[in-house]
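Breakdown of the fold
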Amino acid sequence: MENIPTTIVIFGASGDLTSRKLIPALYNNFKKWRLPERVNVVGFARRPYTDDSFRAILREGVIKFSAESYDSTVWLKFAEMVHYFQGNLDVKEDFPKLESFLQLMENGPSNRLYYLATAPEHYSIVASELGAAGMAKQGMDPVVWRRIIIEKPFGRDLGSAQELNRAVHAVFEESQVYRIDHYLGKETAQNILFFRFANTIFEPVWNRRYVNNVQVTVSETVDVAHRAGYYDTAGVMRDMFQNHLLQLLALVAMEAPSSFSADAVRNEKAKVFESIRPVALNDTVRGQYAGYRETDGVAPNSQTPTFAAIKLNIDNWRWQGVPFYLRSGKALARKTSEIIIEFERPPHLMFHLPEGSDFSPNILSMCIQPDEGIHLRFEAKLPDSAQEMRSVDMDFHYGSSFSGSLPEAYERLLLEAMDGDASLFTRSDGIEASWNMVDPIIQGWEAHNDPPLHNYPVGSWGPEDADHLLARDGRRWRLGCTDEKDVTPTAN
Ligand code: BG6
């Protein structure tokens, strides 16, 4: 395999994802000498580009989205590998034509990585045309592989995800399929398993005996902006919960796999999804930010939620009775993706607490972004007092512990796909299980209009009901990664 070149074919090459994420990621991997020895990148799209005009557009993307690593000499070398093929996904004949183009360019056996960066409605058709043109067939002698990367959204409900899985499996074996969830490519998300299973001191307390509750917050300050057309048909549950939030949850909640192989890791995740108890509608909150309906591309009476909070339970021995609270939304007060593990209070407190103050539990904050790190909060005696306590932190920051900035998620994901390691990609059963979990919530909301869709001001923490969801259990949302650690974010 070492000497066999690899061709990466990007379908939907004139789109935003290609210039914003994929090409910068490939360019950075090239610059770091991480790409296999001989790689070709072929963009497939309808626009009448030449190799040169395509390269010029991609160069602008790298300058814009990866400014700190742009180097004109490196770019020129990288650009030599980039080619353009003008084709139409709806024209059957364009696939055999692409195959001839690739064969001519490859001039011998070559691995192929097909990247579906198109609109989701084209996923099945591209997969089946690749099959029809014989482009999915792998070779035994010499060994050449064919793999396909599929961007999210993978379906818009369980039925369509199953249908898409069937269409893809009609052509590709599951081992050839790499479904992207870019959160899994983030260093900090990858580190969750290392934190838990490369250390001995955390796992003994990682269960119902010591953990009081777990919170996952993925909040964004941005609104839906130019993606309104897509977003209004999706909403926060499909856009963020079905994928990113549930993947983070699985990494926190799963058992230790027996190895770091793709199947061992994904088997454990699948067990978590299977153990999630169906979520009651009164354990959900949904909101829409003020002004959303005035956005271009949004229906004037849109019921699409831009915020949701849910409480869920995992029915297994480790997590019985430990609530998991998840929330995500757009146009909120802060951009932060974080996981909070709130530990139990000591069974007996012998220290005096000042009137009106509450004991602060230990909190472990896993900061996925933007201030990547891990913080452990514990109580300390306030110096020069008899028995007053203060909360203090043990902090790990990527910025100060490691040199260099963190790589973009797509860099790692593309390398892993070329390497044939699917641990950081979602498997068909995981995708279906996560739709199985979110579908009834979306359907329940739509059928019963319950809970009502609350309006929330831009720059707030979502509807007040999100606070009530925890308050009724005697808890509150916590923040452990922003400057305002442990402020109680009040709605509005
Ligand atoms: C995408 C969603 O999958 O993730 C977007 O479609 C969202 O709506 C984005 O903004 C968030 O990703 P990140 O990496 O900025 O947290």
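As shown above, the structure is provided for reference.
One structure accompanies this document, and this report is about it. (Residues numbered from 1 in each chain as written. Predicted model: local features only at pLDDT ≥ 70, side-chain atom pairs only at ≥ 80, totals over all residues. Heavy atoms only, no water.)

Observations concerning the pairing of strand β7 (residues 146-150)
Where we set the bar: Working definition: with a 1.4 Å probe on protein chains only, accessible area under 20% of the residue-type maximum means buried, over 50% means exposed, and in between means partly exposed. A run of DSSP states H or I qualifies as a helix once it reaches four residues; a run of E qualifies as a strand once it reaches two. Both are numbered from the N-terminal end. A pair of strands is considered paired only if DSSP assigns at least 2 bridges between the two.
Counting buried residues in β7 gives five out of five residues, a clear majority hidden from the surface. Here β7 shows two buried faces, one formed by Arg-146, Ile-148 and Ile-150 and the other by Arg-147 and Ile-149. Sheet topology places strand β4 (residues 111-116) next to β7; five bridges connect them, and they run parallel. Note that in β7 the partner of Leu-116 across the bridge is Ile-150. Pairing analysis gives three bridges linking β7 to strand β8 (residues 177-179), with the strands arranged parallel. Of the residues in β8, the one forming a bridge with Ile-150 is Arg-179.

Let's talk about the state of the cysteines
The condition is simple: The definition used for a disulfide is geometric: two cysteine sulfur atoms within 2.5 Å.
Scanning all chains against the criterion turns up one disulfide. Covalently, Cys-367 is tied to Cys-481 through a disulfide, its sulfur atoms 2.0 Å apart. Across the disulfide from Cys-367 to Cys-481, rotation about the S-S bond amounts to roughly -85°, and the bridge is consequently left-handed. A residue pair is termed long-range when its members are at least 10 positions apart, and Cys-367 in strand β14 (residues 363-369) and Cys-481 in the segment after α13 (464-471) qualify at 114 residues. For Cys-367, a relative accessible area of 1% translates into the label buried. Under the relative-accessibility criterion, Cys-481 is labelled buried at 7%.

Quick word on the sheet that holds strand β15 (residues 373-381)
Spelled out, the test is: In this analysis an axis means a line fitted to C-alpha atoms, helices contributing only their contacting stretch, and an angle means the value between N-to-C directions, from 0 to 180 degrees.
Spatially, nine strands are ordered β16-β15-β14-β13-β9-β12-β11-β10-β17 in an open sheet, and the strand pairing comes out mixed. Each edge of the open sheet is held by one strand with a lone partner, namely β16 (389-397) and β17 (453-456). Sheet twist, expressed as the mean angle between neighbouring strand axes with direction ignored, is 20°.

Observations concerning the packing of helix α1 (residues 16-31) against helix α11 (residues 409-419)
Condition: Small angles under 35 degrees read as roughly parallel and large ones over 145 as roughly antiparallel, with 65 to 115 read as roughly perpendicular and the rest as oblique. Handedness of a crossing follows from how the near helix is turned relative to the far one, being left-handed for an anticlockwise turn of less than a right angle and right-handed for a clockwise one. Only heavy atoms enter the contact rule, under which two residues are in contact if any of them lie within 4.5 Å. Under the convention adopted here, Pro, Cys and the residues Ala, Val, Leu, Ile, Met, Phe, Trp and Tyr are nonpolar, Asp, Glu, Lys and Arg are charged, and Gly plus all remaining residues are polar.
At a minimum axis distance of 8 Å, the contact between α1 and α11 shows a crossing angle of 70°. When the interaxial angle is binned, α1 and α11 end up roughly perpendicular. Crossing hand, α1 versus α11: right-handed. Facing α1, whose interface residues are Leu-17, Lys-21, Leu-22, Ala-25, Leu-26, Asn-28 and Asn-29, α11 presents Tyr-410, Glu-411, Leu-414, Leu-415 and Met-418. Broken down by class, the residue content of the contact of α1 with α11 amounts to eight nonpolar, two polar and two charged.

Some points on the sheet that holds strand β1 (residues 6-11)
As summarised here, the arrangement of the six strands in space is β3-β2-β1-β4-β7-β8, forming an open sheet in which the pairing is parallel. The open sheet has two edge strands, β3 (82-86) and β8, and neither has a second partner. Direction aside, neighbouring strands of the sheet carry axes that sit 20° apart on average. Two elements, strand β2 (residues 39-45) and β3, share five bridges in a ladder whose sense is parallel.

A few points about the site of the ligand
Heads up, the rule is: In this text, near means that some heavy atom of the residue lies within 4 Å of the molecule or strand in question. Here a polar contact means two N or O atoms within 3.5 Å. Within protein one must be a hydrogen donor candidate and the other an acceptor candidate, and residues neighboring in sequence count only if both atoms are side-chain atoms.
Lys-152, His-182, Tyr-183, Lys-186, Glu-220, Arg-227, Asp-239, Met-240, His-244, Lys-330, Lys-335 and Gln-369 make up every residue found near the ligand. In the model, an oxygen atom of the ligand is placed 2.6 Å from a nitrogen or oxygen of the Lys-186 side chain. The contact in question runs from an oxygen atom of the ligand to an N or O atom on the side chain of Glu-220, over 2.5 Å. Considered class by class, the residues forming the shell around the ligand number two nonpolar, three polar and seven charged.

Observations concerning helix α5 (residues 123-132)
Residues lying three or four places apart along an α-helix face the same way, a consequence of the helix completing one turn every 3.6 residues. Worth spelling out the cut-off: Each direction from the helix axis to a C-beta atom contributes to the arc, which is the arc of those directions.
Buried residues of α5: Tyr-123, Val-126, Ala-127, Glu-129 and Leu-130, and no others. Buried positions in α5, seen along its axis, are confined to an arc of 165° and lie on one side of it. Summarising the contacts, the buried residues of α5 are in contact with β1, α4 (94-106), β4, β7 and α6 (158-169). In the segment just after α5, Gly-134 is the residue with positive phi, at about 70°.

Notes on unusual backbone geometry
Note that the residue after Asp-141, namely Pro-142, is joined by a cis bond; omega there is 0°. Position of Pro-142 relative to the elements: it lies in the loop between β5 (139-140) and β6 (143-144). Each neighbour pair has its own omega, and for Gln-369 with Pro-370 the value is 0°, a cis peptide bond. Checked against the element boundaries, Pro-370 lands in the loop between β14 and β15. Even without glycine at this site, Ala-331 takes up a positive phi of about 55°. With relative accessibility at 1%, the residue Ala-331 sits in the buried group. In the Ramachandran plot, Asn-449 falls in the positive-phi region, its phi being about 50° despite a non-glycine side chain.

Quick notes on the environment of Asn-207
Assignment of secondary structure puts Asn-207 in the loop between α7 (187-197) and β9 (211-219). The spatial distance from the C-alpha of Asn-207 to the C-alpha of Phe-343 is 9.5 Å, given a sequence separation of 136 residues. Beyond its immediate sequence surroundings of up to four residues, Asn-207 is in contact with Arg-318 and Trp-319.

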